[in-house]
Every structure is written in C-alpha cells, then in structure tokens.
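Given next are the chains, with one letter for each unit.
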Amino acid sequence: MKIIRAKDYNDMSRKAAGIIAAQVILKPDSILGLATGSSPIGIYENLIKGYREGDVDFSACTTFNLDEYRGLTADHDQSYHYFMYKNFFDSVNVPRDRINLPDGSQPDAEKECARYDAAIEAAGGVDLQLLGMGLNGHIGFNEPEDTFPKGTHCVDLTESTIEANKRFFASADDVPRQAYTMGVQTIMRARKIIIIVSGQNKAEIVRKAFFGPVTPQVPASILQLHPDVVAVVDEAALSECGDLLK
Ligand code: GLP
C-alpha cells in the first residue's frame, strides 16, 4: 500500500482527484467504482472543475457505486443515488445509462445483489475503485464481522454506523437499518484502489487498518493485501501512525 500524505482535507481531495483524473485521461473508457460519504465530496468538486476546464472527459466512462440504503428510492434526498447526482453526475458527462448503483427500492435483496455483481462482471470489472472509510473501519457498508463478506449483499448496519450517519437524517430513527453493498471480494477485485481518509476522528482506525493485523473486524485492513492501493490520508488522520510511516 502506498500512503500519500496530504496536509488537510482540501489537499487530500485535490491529490485524489488528480489520481482519478489521470486514470480517465489514460483510459477514457475506465470503469470507475465510486463512493459516498462526506470524504469524497471535495474530490467530486475537483473533478467537476477539471471537466469544466476541459481537462477530463467522462463521456466514455462507466461507474458503479459501492452501496445504497435498502428501502430508499432513488429520489429520496438521503439516498446515495440522490447524493451522487447532486454532488457529481449532474455536473459531468458520464452517460446516464452507464451510471450504476444498487437499487435500494428492490425488496428482493438476493436478486438485486446478484444483478449488481453480474453488471460489474459484464462491464469487465472495476479499473479504479474509490473508497472512504467508516469510523469502525468499514468500506462500502462492509461492517466488522467474523469473516470477510464476498459479493454484493444486504447488510444490517451497526449502531456506530447508524450513529455516524444520523447527521444526514432528521433523526437516528430515520436512518435505514440495512443497505446493499459491494462485498469485500467485489472491492478487492478492482484493478486499482484509492482510499481517502481525513480527520482526527479517523486517526485510530487508520493505524489499525493500515498497520494492524488483517482481520474482518477491521474490514479496511484487507486492503493491505491488494497489489495496487493508494491511500491519500491527511495529517490529522495520520497523527497516530507516528514512526510507522518512517
Ligand atoms: C458511509 C459509506 C461509506 C463511507 C463512510 C464514511 O457509511 N457507506 O462508503 O466511506 O460512510 O463516511 P464519511 O466519509 O462521511 O466519514
């Protein structure tokens, strides 16, 4: 794993956006794996700027998002569909028919998850997967467990994730209890991965995930085994890694 140190959130966002833009410039028909949460918003802003200035063109790209809340329709303002259109797709030229997210409104979890994995496979697999990381080390919505989950599946969100995500909803009671998410195996199949982490509140989990033992109790720790991972992490999030970085 290559760790790129960023000064702060803005610096992390610029650096990570530069890596994604380079991917699209080098391979215009890239299959991009995209993420939600507050961490990637700055990346999307930088990519929109690059698109407007003519530096990066998404017209041949295909995208697959990591996850979606189960039970929310695409037009719900807390759905990840809505988030992605508002923060990225409405402002760039990814063709609408090549934008993919799990459909949270599909009640048959098994069928919807199988459809999603098949779509990723049919597209040829993800070239570059963007990831954020939850406070408990989750990636996508792969929560700490006894084993690493495999393909796209339905998860029960942990109390800590519901608590962390309630800031986006009217109350904790409004946060959906389940989500459809790419599994760890789906994520690990991506040819390249870029993970971004910012802020002091993630410092402890960064140390565990990037320097601790590989364990499904810290889902992001599996990334240590991937051959092509870049972590763009700001100073605050790296603050507990100390001499491990030297
Ligand atoms: C959610 C998403 C994850 C994201 C995580 C961290 O749970 N499913 O993909 O990485 O939140 O979010 P944030 O970047 O807001 O800390």
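Residues numbered from 1 in each chain as written. Predicted model: local features only at pLDDT ≥ 70, side-chain atom pairs only at ≥ 80, totals over all residues. Heavy atoms only, no water.

1. Focus: helix α1 (residues 9–26)
The terminal C-alpha atoms of α1 lie 26 Å apart, and with 18 residues this matches the ideal 26 Å at 1.5 Å per residue to within 8%. For α1, the set of buried residues is Asp11, Met12, Ser13, Ala16, Ala17, Ile20, Ala21, Gln23 and Val24. Looking at the buried positions of α1, the neighbouring elements they touch are β1 (2–6), β2 (31–34), α2 (41–52), β6 (128–131), β9 (192–197) and β10 (229–234). N-capping of α1 is provided by Asp8, with a side-chain oxygen placed 3.3 Å from the backbone N of Asn10. (Helix = DSSP H or I, 4+ residues; strand = E, 2+ residues; numbered from the N terminus. Expected span 1.5 Å × (residues − 1). Buried < 20%, exposed > 50% of the residue type's maximum accessible area, 1.4 Å probe, protein only. Contact = heavy atoms within 4.5 Å. Polar contact = N/O pair within 3.5 Å; in protein donor to acceptor, adjacent residues only side chain to side chain.)

2. Comments concerning the environment of Pro144
Following the sequence through the fold, Pro144 ends up in the loop between β6 and β7 (153–156). Residues Pro144 and Pro219, spaced 75 residues apart in sequence, show a C-alpha to C-alpha distance of 5.9 Å. Contacts of Pro144, omitting those with residues within four sequence positions, involve Asn136, Pro216, Gln217 and Pro219.

3. Observations concerning the side chain of Asn165
By secondary structure assignment, the location of Asn165 is in helix α5 (residues 159–165). Relative accessible area serves as the criterion here: at 10%, Asn165 is assigned to the buried category. When residues no more than four places from it in sequence are discounted, the contact partners of Asn165 are Tyr69, Tyr80, Phe141 and Val175.

4. Overview of the sheet that holds β7
Think of a sheet as strands paired side by side through backbone hydrogen bonds, with each pair either parallel or antiparallel. Overall, antiparallel pairing links the three strands, which are arranged β4-β8-β7 in an open sheet. The open sheet terminates on both sides in strands that have one partner only, identified here as β4 (67–69) and β7. Direction aside, neighbouring strands of the sheet carry axes that sit 25 degrees apart on average. Bridge analysis of β7 against strand β8 (residues 178–181) gives four bridges, and the strand direction is antiparallel. For Cys154, the partnering residue across the bridge sits in β8 and is Tyr180. (Pairing = 2+ DSSP bridges. Axes fitted to C-alpha atoms, helices over the stretch in contact; angles between N-to-C directions.)

5. A short note on the sheet that holds β1
Across the sheet, which stays open at both edges, the seven strands sit in the order β1-β10-β9-β6-β2-β3-β5 with parallel pairing between neighbours. What marks the edges here is a single partner per strand, and that holds for β1 and β5 (99–100). In this sheet, β10 lies alongside β1 in parallel orientation, the contact comprising five bridges. By the bridge assignment, Arg5 is partnered in β10 with Val233. Seen against the sheet, helix α4 (residues 109–123) touches β2, β3 (62–65) and β5 and runs at an angle of roughly 150 degrees to β3.

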